[in-house]
Amino acid sequence: MKQHPFKTASLGIQHVLAMYAGAVIVPLIIGKSLNFTNEQLAFLVSLDILTSGIATLLQVWQNRFFGIGLPIVLGCTFTAVGPIIKIGEQYGLSSIYGSILVSGIIVVLIAKYFGKLIRFFPPVVTGSVVTIIGTTLIPVAMNNVAGGQGSPDFGAVSNIALAFGTLLFIIVLYRFFKGFIRAISILLGLIAGTIAAAFMGKVDFTSVNDASWFHMVTPLHFAAPTFDLAPILTMTLVAIVSLVESSGVYFALADITGRKLSEQDLVKGYRAEGLASVIGAFFNSFPYTTYSQNVGLVQFSGVKDKSVIYFMGGMLVFLGFLPKIGALTTVIPTAVLGGAMVAMFGMVIASGIKMLSKVDFSSQENLLIIACSVGVGLGVTTVPNLFDALPESVKIFTNSGIVAGSLTAIFLNIVFNVIKPVKQMKQQPEQSLKVS
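None of the values given here were measured: they were computed from a predicted structure.

Draft legend 1. Highlighting a nonpolar patch on the surface. Side chains of L168, V172, F176 and F177 sit close together on the surface and give an oily, nonpolar patch of about 400 Å² of accessible area. On the secondary structure map, L168 appears in helix α6 (residues 157-176). With relative accessibility at 53%, the residue L168 sits in the exposed group.

Draft legend 2. A look at the pattern of salt bridges. Under the criterion given, the structure shown has four salt bridges. Note that R259 and D265 form a salt bridge whose closest N and O atoms lie 3.2 Å from each other. Judged by its relative accessible area of 24%, R259 is partly exposed. A residue is classified by how much of its surface remains accessible, and D265, at 10% relative accessible area, is buried.

Draft legend 3. Representation of the confidence of the model for the chain within the structure. With 90% of its residues at a pLDDT of 70 or more, the chain has an overall mean of 81. Per-element averaging of pLDDT across the chain places helix α14 (residues 323-328) at the bottom with 68 and helix α11 (residues 263-282) at the top with 92.

Draft legend 4. Spatial organisation of the nonpolar core. Counting residues in each nonpolar core, the largest one holds 121 residues, and the members touching the most others are I30, I49, I84, I186, L190, L253 and L261. Looking at this core element by element, the count peaks at 13 residues for helix α10 (residues 229-257). In contact with L190, other than residues within four places in its own chain, are L17, T166, I332, V336, L337 and A340.

Draft legend 5. View of the packing of helix α8 (residues 185-199) against helix α15 (residues 334-356). Packing of α8 against α15 brings their axes to within 9 Å, and their N-to-C directions diverge by 155°. For the element pair α8 / α15, the angle class is roughly antiparallel. Crossing of α8 over α15 shows right-handed handedness. Between α8 and α15, the residues in contact are I186, G189, L190, G193 and T194 and V336, L337, A340, A343 and M344, respectively. A class-by-class count of the residues in the contact of α8 with α15 yields seven nonpolar, three polar and no charged.

Draft legend 6. Spatial organisation of the packing of aromatic side chains. This model, assessed by the stated rule, comprises five aromatic pairs. An angle of 85° between the planes, with centres 5.4 Å apart, marks the rings of W61 and F66 as edge-to-face. Judged by centre distance (5.4 Å) and plane angle (85°), the ring pair of F282 and F283 falls under edge-to-face. Its relative accessible area of 15% is what places F283 among the buried residues.

Rules and cut-offs
Residues numbered from 1 in each chain as written. Predicted model: local features only at pLDDT ≥ 70, side-chain atom pairs only at ≥ 80, totals over all residues. Heavy atoms only, no water. Patch = residues over 30% accessible without salt bridge, like charges linked within 9 Å, V, L, I, M, F, W, Y side chains within 5 Å. Areas by Shrake-Rupley, 256 points an atom, 1.4 Å probe, with all protein chains shown as cover. Salt bridge = Lys/Arg side-chain N within 4 Å of Asp/Glu carboxyl O. Helix = DSSP H or I, 4+ residues; strand = E, 2+ residues; numbered from the N terminus. Buried < 20%, exposed > 50% of the residue type's maximum accessible area, 1.4 Å probe, protein only. pLDDT = per-residue confidence, 0-100. Core = buried A, V, L, I, M, F, W, Y, C linked by side-chain atoms within 4.5 Å. Contact = heavy atoms within 4.5 Å. Axes fitted to C-alpha atoms, helices over the stretch in contact; angles between N-to-C directions. Parallel < 35°, antiparallel > 145°, perpendicular 65-115°, else oblique. Left-handed = near helix turned anticlockwise from the far one by under 90°. Nonpolar A, V, L, I, M, F, W, Y, C, P; charged D, E, K, R; others polar. Phe/Tyr/Trp six-rings, centres within 6.5 Å; stacked < 30°, edge-to-face > 60°.

Here it is as structure tokens:
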């Protein structure tokens, strides 16, 4: 059933708002760490928004070679922030883009083999991973509820009131309305929260006033790529870690949309991410991965139509050329965004629990897989400096609760449910011989 263009646009804008803060914070952190000027920072943000849109369109457009065809949103991976800054400090900007380019090509080449890992993702693994994704995002939401980590008014009553007022408004809309209003309840909540914040003097339009109306995005704006072995190996490792994280998002959205993923679907999804990183390097932007906050939005709104994501991807590309309009989305106060995030990220947890309902809980092994993987994922998130003493190459796997928990789930599933049946198969013939 074809949706009305206005409905599609509203739902698309809702997806943009859900991911925008995460999308712009990455270039801001990296740019400031590498001493970019304000003008360069503004350009870097625009490049990132543009390439996020292109990356999203690559993933949602399913064809013979790439694209998983699920309502997936892509943005710059947070896993890459630390490594990119270190590469920039030691080797320069050109090496950053060279390493991103080569890592993207490597992902495209290994996608065929990485896709064979589908047998290592039964419901006990996918459900655990999606639950981990949700639980590790909740601290982000709660920090935003308080006003954003490091903000001078962190924990102020006004921030708490705005956040929970926004959340309450969303809940009321969800309770008393159906159909389209319910589907865009997050968007309406963000608008209502921002209006309330404006009356409280908490909305700053400086970024909108300072931004230009239009600028032309040019490839290789900051530097042409150069190639150094150590940065290439580092970014390839980051890319592989991102694929593990993305796998959980693929399975979560497949479950929400009622679609069974094949090995070839995963291969095309991984290829799309590799291509997105190649394009990111070409535009002097970043490597891209799936954004899990938008999974909660798909679950919350109940709208699974890919046309919404097509519109959203096109809108991001459009915003890449119009900094002033793009800057409008940055005026939403952090506390207001945090209130909406509580609902969205909570929905991700709910999706993971729903997937775990298919697991045989009479099996102690399955219970242990869930217990350890969720425990590790949540533990690393709440104690982020736990592995500070480890080498940087190892910390890529341990610094993210999502990655650490996901790898734990995959490893324990292999130990208990993959290797064990092989041993049982060997024992069964011996037992039958004894009986005979």
